[in-house]
Amino acid sequence: MNFLWIRLIAIAFVLLPLTSNAKDRIFVTNERSNNISVIDAKTLIVENIIDVGDRPRGIGLSPDSNELYVAVSEENKIVVIDPDSLKILRDFEAGSDPETFAVHPNGNIYISNEDDAKATVFDPTGKQIAEIKVGLEPEGVAISPDGKRVIVTSESTNMLHVIKTPENIIESNILVGSRPRSAVFTKTGNIAYATAEISGEVVKVDINKAKIIKTGSTGDAKSKPKDVILSKDEKIIYVAGGRANKVIVMDANSLEIIKGIPVGKRVWGLAMSSDGQRIFTTNGVSGTVSVIDTNKNEVIKTIEVGKFPWGVVVKDK
Amino acid sequence: MYVKKSICLVLMLFLPSITTAAEVIEIDFVYVGDTNHSSLLGIKQGIDESNLQGQFLNQKYNLDFVSSNEIDEYDFSKYIAVLASLNTQQLTTLAKQLTNKPVFNLTDENNELRLNCIPNILHITPSNKMKSDALEQLQVKKPDSNAKPQSWHYSFVKFAARDLNKRFKKNYQEKMNDHSWAGWAAVKMTSDTVARTQISSSKEILKYLKNKLSFDGQKGSDMNFRVTGQLRQLILLVENDKIVAEAPIRGVAKPNTLDSLGILECEN
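Residues numbered from 1 in each chain as written. Chains lettered and ligands numbered in written order. Predicted model: local features only at pLDDT ≥ 70, side-chain atom pairs only at ≥ 80, totals over all residues.

> Any chance you could explain the overall build of chain A here in plain terms?
When its secondary structure is counted, chain A shows one helix and 28 strands. Computed over its C-alpha atoms, the radius of gyration of chain A comes to 19 Å, within 12% of the 20 Å expected for a compact globule of 317 residues. C-alpha extents for chain A along the principal axes are approximately 75 × 45 × 35 Å. Residue burial in chain A is summarised as follows: out of 317 residues, 54% are buried. Expressed as a percentage of contacts within chain A between residues at least 6 apart in sequence, the contacts between residues at least 24 apart total 41%. (Helix = DSSP H or I, 4+ residues; strand = E, 2+ residues; numbered from the N terminus. Rg over C-alpha atoms; globule rule 2.2 N^0.38 Å. Buried ≥ 20, exposed ≤ 12 C-beta atoms within 10 Å, placed from the backbone. Contact = placed C-beta atoms within 7 Å.)

The following block contains the structure:
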């Protein structure tokens, strides 16, 4: 009898952390405090801080959401964190100056190496699969939902490089406005949107024809767009307006501005909850995250995080 | 002929689906001035970057050199633009000989030259007036400031200046300065224009540069030219080798735009 109790208690101790810790969270990289703020998605309170190393920027989850990846730019590595226990599991060399990345449905990680004019592909163990030469200052990485194409934006060559997988070779190069920073594919993968920071534009691109089909202005001279994301129904795009200190809501078809949502200063990062109800923004100069309710397109909460928050990801699956 | 066309095999790496020969457009720049001048390293950096972009677009950029005492004899006809580190007199004479061809002024800060508005000179380097206005703005806030106004600084990090400084240092083991930045910017804005417009006539390039440019000089806002031919740009204020301010200085500059610095109009 005693023996059985001991066994049951032991099993409970093993299971308890797995079940109770697997909660919904928002993870934010703080570029200048060298850590990650962990926000409880229910209470919207910072529950933990994880030190990761010098200049963390890009952040993302594995397809099963069991691993969190962080690009630690100045240390040339990807740090892998358990998003439930918040423990650092491992890290691996990720080429020179990894800035941001996207995770392919097959689990491979596509990384832009900012100061090396290339993108590199790693499997989750850190084994390099491919290296693709792109333009100067590669930054944004987007992967089509079917995994067949990857876009890497090169900021100082003003291009979207469309890479086909699994070959990992460039299929087309699309010249866009000055300093393209971020891109997003539609569900079909036939259309992508990208921001051009210096020219203050969003472009809508036909990926098969490798052509810009529409260009929209993000408004005033201060608006230097960075991240772009799509609403769940793909009728709206949300654009981080940089020093305009607002999230610009645009019609995905006409690229006309519907609304500007005031957030914190120098907004760059955007992430959406999987139900499409919430958007989280990183406001670099303010050191905050704004929480937007997408039904009203209004900020419902502002959360203090670290210095110069950069990337953000929602784990709610 | 501004552009020399040649047949060349496309780099297999970048366009693997095309296996036939494709036409590569060659675009030639010429540098005029002292070949030990730091503007030349910036020009070389610009040529490298332009070729990095060019490999995706079948464009190849080349650079020739002419010393200032060979100008009179030299045939400039094939060049898309002239990159000059010359004094006021030499620059003016050369520009007047080369009507409709962009002549980039990389080093001369003379105010008169801006007032004169010679149509084909594009001043990348800021005028003395831009610099003194920047310092005056700072002195409203800090009356005793003795900061040095500069167009660039090796420790500048904002607006991806960090990235440009880093790659320049890596390539040339030297810190990027005002003149090397000017050389880089002149080449880069020209090749950006060629890439965007597919134009390779220097007359048309000049027109585009003067009227339609939206250039990412890695100094923040998009850059373009005044009617005087002067590039609008922010000015850094440097004390003890550290950036202490960026002009236009908020709260002081009137208007609070780049046009609070320097000469705006031509002298008729």
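> Any chance you could explain the overall build of chain B here in plain terms?
Counting its regular elements, chain B contains seven helices and nine strands. In terms of overall dimensions, chain B has C-alpha extents of about 65 × 40 × 35 Å along its principal axes. The buried share among the 268 residues of chain B stands at 44%. Once local pairs closer than 6 in sequence are excluded, the contacts in chain B between residues at least 24 apart make up 61%.

> Teacher, can you tell me more about the interface of chain B and chain A here?
Accessible area lost upon the coming together of the parts serves often as the stated size of an interface. At the interface, 17 residues of chain B touch 20 residues of chain A. Looking at the side of chain B that touches chain A, the elements that each hand over two or more residues are helix 1 (38-57), helix 5 (161-172) and helix 6 (178-197) of chain B. The element best represented in the side of chain B that touches chain A is helix 1 of chain B, accounting for four residues. Taken together, the residues that form the side of chain B that touches chain A break down as seven nonpolar, two polar and eight charged. (Nonpolar A, V, L, I, M, F, W, Y, C, P; charged D, E, K, R; others polar.)

> Help me out: how do you make sense of the nonpolar core in this one?
What tends to happen in soluble globular proteins is that the nonpolar side chains get buried as a cluster. Counting residues in hydrophobic clusters, the biggest one holds 87 residues, and the most contacted among them are Val-70, Tyr-110 and Ala-192 of chain A. In contact with Val-70 of chain A, other than residues within four places in its own chain, are Thr-29, Ile-36, Val-52, Pro-56, Ile-59, Ile-78, Val-79 and Ile-81 of chain A. (Core = buried A, V, L, I, M, F, W, Y, C linked by C-beta atoms within 7 Å.)

> Sorry if this is basic, but what is going on with helix 5 of chain B here?
Every α-helix carries 3.6 residues per turn, so stepping three or four residues along brings you back to the same face. Residues and elements named next belong to chain B. Look at helix 5: 16 Å from first C-alpha to last across 12 residues, which is about the 16 Å you get at 1.5 Å a residue. Listed in full, the buried residues belonging to helix 5 are Ala-161, Leu-164, Asn-165, Arg-167 and Phe-168. Of the surrounding secondary structure, the elements contacted by the buried residues of helix 5 are helix 1 and helix 6. Trailing helix 5 by a residue or two, Gln-173 shows a phi angle of about 50°, which is positive. (Expected span 1.5 Å × (residues − 1).)

> Quick question: what am I supposed to make of the pairing of strand 17 (residues 191-196) of chain A here?
Two faces, one strand: in a regular strand the side chains alternate between the faces of the sheet. All names here are of chain A. By the criterion of burial, strand 17 is predominantly enclosed, with six of the six residues buried. Two strands pair when backbone bridges link them, and strand 16 (residues 180-185) and strand 17 are joined in this way by five bridges, in the antiparallel orientation. Paired with Ser-182 across the strands is Thr-195, a residue of strand 17. With six bridges connecting them, strand 17 and strand 18 (residues 201-206) associate as antiparallel partners. Looking at strand 18, one finds that Thr-195 is bridged to Val-202. Between strand 17 and strand 18, which pair antiparallel in sequence order, lie four residues; one of them, Gly-200, sits at a positive phi of approximately 65°. (Pairing = 2+ DSSP bridges.)

> What am I meant to see in the sheet that holds strand 8 (residues 98-103) of chain A here?
Within a sheet, each strand pairs with its neighbour through backbone hydrogen bonds, oriented either parallel or antiparallel. All names here are of chain A. The strand order across the open sheet built from four strands is 8-9-10-11, with neighbouring strands paired in antiparallel fashion. Two strands lie at the open edges of the sheet, namely strand 8 and strand 11 (128-133), each paired on one side alone. Taking each pair of neighbouring strands and ignoring which way they run, the sheet shows an average axis angle of 20°. Pairing geometry for strand 10 (residues 118-122) and strand 11, over five bridges, is antiparallel. Looking across to strand 11, one finds that Ala-119 is bridged to Ile-132. (Axes fitted to C-alpha atoms, helices over the stretch in contact; angles between N-to-C directions.)

> Any chance you could explain the environment of Ile-109 of chain A here in plain terms?
All names here are of chain A. Among the structural elements, Ile-109 can be located in strand 9 (residues 109-113). Here Ile-109 falls in the buried class, since 26 other C-beta atoms lie within 10 Å of it. Apart from the residues within four sequence positions on either side, Ile-109 is in contact with Tyr-69, Ile-78, Phe-101, Val-103, Phe-122 and Pro-124.

> Mind showing me how you'd approach the pairing of strand 22 (residues 246-251) of chain A here?
All names here are of chain A. Two strands pair when backbone bridges link them, and strand 21 (residues 236-240) and strand 22 are joined in this way by five bridges, in the antiparallel orientation. When the bridges of strand 22 are listed, Tyr-238 appears paired with Val-249. Linking strand 21 to strand 22, which pair antiparallel, is a turn of five residues; within it Gly-242 sits at a positive phi near 60°. Both strand 22 and strand 23 (residues 257-262) contribute to a ladder of five bridges, which runs antiparallel. Each residue of the ladder has a partner; that of Val-247, found in strand 23, is Ile-261. Here strand 22 folds back onto strand 23, and the loop between the two strands holds five residues, one of which, Leu-255, carries a positive phi near 60°.

> I tried to follow unusual backbone geometry on my own but got confused; where do I start?
Note: most residues except glycine have negative phi, and most peptide bonds are trans. Omega for the peptide link from Ala-247 of chain B to Pro-248 of chain B comes to 5°, which places this bond in the cis form. As for its position among the elements, Pro-248 of chain B is in the segment after strand 9 (242-247). Going from Lys-254 of chain B to Pro-255 of chain B, the amide bond is cis rather than trans, its omega being -10°. Structurally, Pro-255 of chain B is set in the segment after strand 9. The backbone of Asn-158 of chain A sits at a positive phi, close to 60°, despite the residue not being glycine. With respect to the helices, strands and loops of the structure, Asn-158 of chain A is situated in the loop between strand 13 (149-154) and strand 14 (159-164). Judged by the 25 C-beta atoms lying within 10 Å of it, Asn-158 of chain A is buried. Located in the positive-phi region is Ala-210 of chain A, a residue other than glycine, with phi close to 55°. Inspection of the secondary structure assignment puts Ala-210 of chain A in the loop between strand 18 and strand 19 (211-217). Note on Ala-210 of chain A: 14 C-beta atoms within 10 Å, which makes it partly exposed.

> Hey, could you run me through the sheet that holds strand 2 (residues 35-40) of chain A in this one?
All names here are of chain A. The sheet built from four strands is open, its strands ordered 3-2-1-28 with antiparallel pairing. The sheet terminates laterally at strand 3 (46-51) and strand 28 (309-315), the two strands that pair on one side only. Neighbouring strand axes in the sheet, compared pairwise and without regard to direction, differ in orientation by 20° on average. Summarising the sheet, strand 2 and strand 3 pair through five bridges and their orientation is antiparallel. Bridged to Val-38 within strand 3 is Asn-48.

> Help me out: how do you make sense of the environment of Ile-199 of chain B in this one?
All names here are of chain B. Inspection of the secondary structure puts Ile-199 in the loop between helix 6 and helix 7 (202-211). In this structure the C-alpha to C-alpha distance between Ile-199 and Asn-268, which are 69 residues apart in sequence, comes to 32 Å. In contact with Ile-199, other than residues within four places in its own chain, are Val-194, Glu-204, Ile-205 and Tyr-208.

> Please clarify how helix 1 of chain B should be interpreted in this entry.
Residues and elements named next belong to chain B. When the terminal C-alpha atoms of helix 1 are compared, their 29 Å separation across 20 residues agrees well with the 28 Å that a helix rising 1.5 Å per residue should span. Extensive coverage of helix 1 is indicated by the burial of 15 of its 20 residues. Once helix 1 ends, the next one or two residues include Asn-58, with phi positive near 60°.

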